[in-house]
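Each chain, written out:
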Amino acid sequence: MTETSHGDLSGGSDGPDPEPALDRSGPAPEEQAVPADEVQAVPADEVKAGPADEVKAVPADEVKVSPIGALRIPAFRRLWANNIAYFMTANALRFVFGWYVLDGINRGEREQGLVVFALGIPALFLVLQAGAWADRVDPRKLLIVTQVAALAVMVVTAVLIATDQATLPVVILVAVAAGAATTVGQPVRASLIPALAGRENLFGAIALNALAMTSSMILGPVLAQAAGNRFGFDGAMWFLAILLIAGLAIVWPLRVPEREEPAGPRRSVMADTIEAVRHVAGDRALRVLFLLLTVAGLTMNPAVMVTLQAFVKEELGRNSGDAAPLLAMMGPVSYTHLRAHETV
């Protein structure tokens, strides 16, 4: 009885208890298995697709507004370093010519302004043709040829100054030649920026190029003044020649991507130039923009340079070369420009 009742008790009480326990434990693994499959299938895919795309998208946006992305490209890095040397020479040349006219041959502000104006004259007559040449001539070859031409002008000018042959008419002619070399070389430099930097780094590359131009306006005169004070006016010209040689050494290994040739027969440079003039003349917005850029290029920077150097000499009674540190005070402009670009 006792064993039987104990057996009944074990069968009646203990028997049902294990069954629910098994029932509870049975579905539990199934419930754990399904979510496990779901976790491996759905969330894993979501982790690979969603966050990965977001990780790729964020740096891409950052690259578009950050100049650092463009500097990671070796070809653009070479172009940018060459532009620094080239722009520094072009901007320092205006300062050195004015300095030489005022203190080297002891002429006045009018003659100084005439020489500085002569540097900008070629831009009026060659800028459109230079754009057409940049579209049809090998960019690397045009870049090197124009820089070699500018180098030849620096060397000739240095020799003329050293031999006391650099009279005012000679300086004016040399200034025209230097302006022509700079004008022809400028469009090809602008066209190489998107070709080398790529679409995703274009805005950063443009900001870097603007920074190079602005910084060269500041550093060029200061470094040229230091060279001139140490080695004379011809030494300042030799310093500019050394800058161009360094720029040539940097850009010489440059390889430019091949561009697509336009379909159909190629027109002459003159035909392209005439079409460009008609296009600008027929569009009011382009006409106004072109006029403003021309006036600014011929008056604003040259006027500041001429006025400041003449003021330092005539009003302060000092060497006009001492205006270089005053020009360096424009330094915050380059930093402000870059910060404004990054904010946009």
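Predicted model, so just to flag it, every value in this text is computed and none were measured. (Residues numbered from 1 in each chain as written. Predicted model: local features only at pLDDT ≥ 70, side-chain atom pairs only at ≥ 80, totals over all residues. Heavy atoms only, no water.)

Chemist: I'm lost on the overall build of the protein in this one. Help?
Modeler: A tally of helices and strands in the protein yields 14 helices and zero strands. Secondary structure elements of the protein, listed N to C terminal, follow the sequence α-α-α-α-α-α-α-α-α-α-α-α-α-α. Buried residues in the protein amount to 34% of all 344 residues. Sequence separation of at least 24 residues holds for 84% of the intrachain contacts in the protein that already meet a minimum separation of 6. Of the roughly 19500 Å² of accessible surface on the protein, 66% is carried by carbon and sulfur atoms. (Helix = DSSP H or I, 4+ residues; strand = E, 2+ residues; numbered from the N terminus. Buried < 20%, exposed > 50% of the residue type's maximum accessible area, 1.4 Å probe, protein only. Contact = heavy atoms within 4.5 Å. Areas by Shrake-Rupley, 256 points an atom, 1.4 Å probe, with all protein chains shown as cover.)

Chemist: When you look at helix α8 (residues 168-197) in this model, what are you seeing that I'm missing?
Modeler: Each turn of an α-helix holds 3.6 residues, which means side chains three or four residues apart point in the same direction. Between the first and last C-alpha of α8 there are 43 Å, a value that for 30 residues agrees with the 44 Å anticipated at 1.5 Å per step. A positive backbone phi angle near 85° is found at glycine 198, which sits one or two residues after α8. (Expected span 1.5 Å × (residues − 1).)

Chemist: What exactly am I supposed to notice about the nonpolar core here?
Modeler: Nonpolar side chains tend to gather and get buried jointly when the protein is soluble and globular. Of all hydrophobic cores here, the largest spans 61 residues; its most connected members are Phe76, Leu93, Phe97, Met154, Met237 and Leu240. Apart from residues lying up to four places away in sequence, methionine 237 is in contact with Leu93, Val96, Phe97, Met154, Thr157, Ala158 and Ile161. (Core = buried A, V, L, I, M, F, W, Y, C linked by side-chain atoms within 4.5 Å.)

Chemist: Whenever I open this one, unusual backbone geometry confuses me. Can you help?
Modeler: Most peptide bonds are trans, and most residues other than glycine sit at a negative phi. Phi at asparagine 106 is positive, roughly 55°, even though this residue is not glycine. Turning to its location among the elements, asparagine 106 is positioned in the loop between α5 (74-104) and α6 (109-136). Backbone geometry at aspartate 164 places phi at a positive 60°, although glycine is not the residue there. Inspection of the secondary structure assignment puts aspartate 164 in the loop between α7 (139-162) and α8.

Chemist: How should I be thinking about the pattern of salt bridges in this particular structure?
Modeler: Where side chains of opposite charge bring their charged atoms close, a pairing between them can arise. In the structure shown here, the tally under the stated rule is two salt bridges. In this structure, glutamate 111 engages arginine 110 in a salt bridge whose closest nitrogen and oxygen atoms are separated by 4.0 Å. Here aspartate 322 makes a salt bridge to arginine 318, at a shortest N to O gap of 3.3 Å. With a relative accessible area of 26%, aspartate 322 lands in the partly exposed category. (Salt bridge = Lys/Arg side-chain N within 4 Å of Asp/Glu carboxyl O.)

Chemist: Hey, could you run me through the packing of aromatic side chains in this one?
Modeler: A ring pair, where both rings are aromatic, is described by two values, the distance of the centres and the angle of the planes. A complete count under the given rule lists four aromatic pairs for this structure. A centroid spacing of 5.7 Å and a plane angle of 40° characterise the contact between phenylalanine 95 and tryptophan 99, whose relative ring orientation is tilted. Taken as a pair, phenylalanine 95 and tryptophan 99 lie in helix α5 at a separation of four residues, close to a single helical turn. On the basis of relative accessibility, which here comes to 3%, the residue tryptophan 99 falls in the buried class. Between tyrosine 100 and phenylalanine 233, the aromatic rings sit 5.4 Å apart at their centres with planes inclined by 80°, giving edge-to-face as the arrangement. Taken together, the residues span a long stretch of sequence, with tyrosine 100 in helix α5 and phenylalanine 233 in helix α10 (residues 233-251) at a distance of 133 residues. For the pair formed by tyrosine 100 and phenylalanine 233, the shared burial category is buried. Through pairs of rings, three or more aromatic residues link up here, namely Phe95, Trp99, Tyr100 and Phe233. A cation sits over an aromatic face here: arginine 140 above tryptophan 252, 5.5 Å from the ring centre. For the cation-ring pair, arginine 189 lies above tyrosine 86, with the distance from its terminal atom to the ring centre recorded as 3.6 Å. (Phe/Tyr/Trp six-rings, centres within 6.5 Å; stacked < 30°, edge-to-face > 60°. Lys NZ or Arg CZ within 6 Å of the ring centre and 35° of its normal.)

Chemist: Even after reading the chapter, I still don't get the confidence of the model for the protein, so can you show me in this structure?
Modeler: Any segment with low pLDDT has predicted coordinates that should not be analysed in fine detail. For the protein, mean pLDDT is 76; residues scoring 70 or higher make up 68% of the total. The secondary structure element of the protein with the lowest average pLDDT is helix α1 (residues 2-14), at 41, and the one with the highest is α10, at 95. Below pLDDT 50 for its whole length, residues 1-34 participates in seven contacts with residues either more than four positions away or in separate chains. A low-confidence stretch, residues 36-64 stays under pLDDT 50, and its non-local contacts, those more than four residues away or across chains, total 11 contacts. (pLDDT = per-residue confidence, 0-100.)

Chemist: Explain the packing of α6 against α8 to me, please; I cannot follow it from the model alone.
Modeler: In a packed pair of helices, the relevant descriptors are the angle between the two axes and the axis-to-axis distance. Closest axis-to-axis distance for the α6/α8 pair is 7 Å, and the angle between their directions is 30°. Our classification of the angle between α6 and α8 gives roughly parallel. The way α6 lies across α8 gives a crossing that is right-handed. Of the residues belonging to the contact of α6 with α8, the class tally is 21 nonpolar, three polar and one charged. (Axes fitted to C-alpha atoms, helices over the stretch in contact; angles between N-to-C directions. Parallel < 35°, antiparallel > 145°, perpendicular 65-115°, else oblique. Left-handed = near helix turned anticlockwise from the far one by under 90°. Nonpolar A, V, L, I, M, F, W, Y, C, P; charged D, E, K, R; others polar.)

Chemist: Honestly, the environment of threonine 89 in this entry has me stumped. Any pointers?
Modeler: Along the polypeptide, threonine 89 turns up in helix α5. Separated by 65 residues in the primary sequence, threonine 89 and methionine 154 place their C-alpha atoms 9.4 Å from one another. Each residue touching threonine 89, except ones within four places of it in the same chain, is listed here: Met154, Leu240, Leu243 and Leu244.

Chemist: It is not clear to me how the environment of valine 280 should be interpreted in this structure. Could you clarify?
Modeler: Along the polypeptide, valine 280 turns up in helix α11 (residues 269-282). For the pair valine 280 and phenylalanine 290, spaced 10 residues apart in the sequence, the C-alpha separation amounts to 7.8 Å.

Chemist: Teacher, can you tell me more about the side chain of glutamate 111 here?
Modeler: Checked against the element boundaries, glutamate 111 lands in helix α6. The contact partners of glutamate 111, leaving out residues within four places of it in the chain, are Val101 and Leu168.

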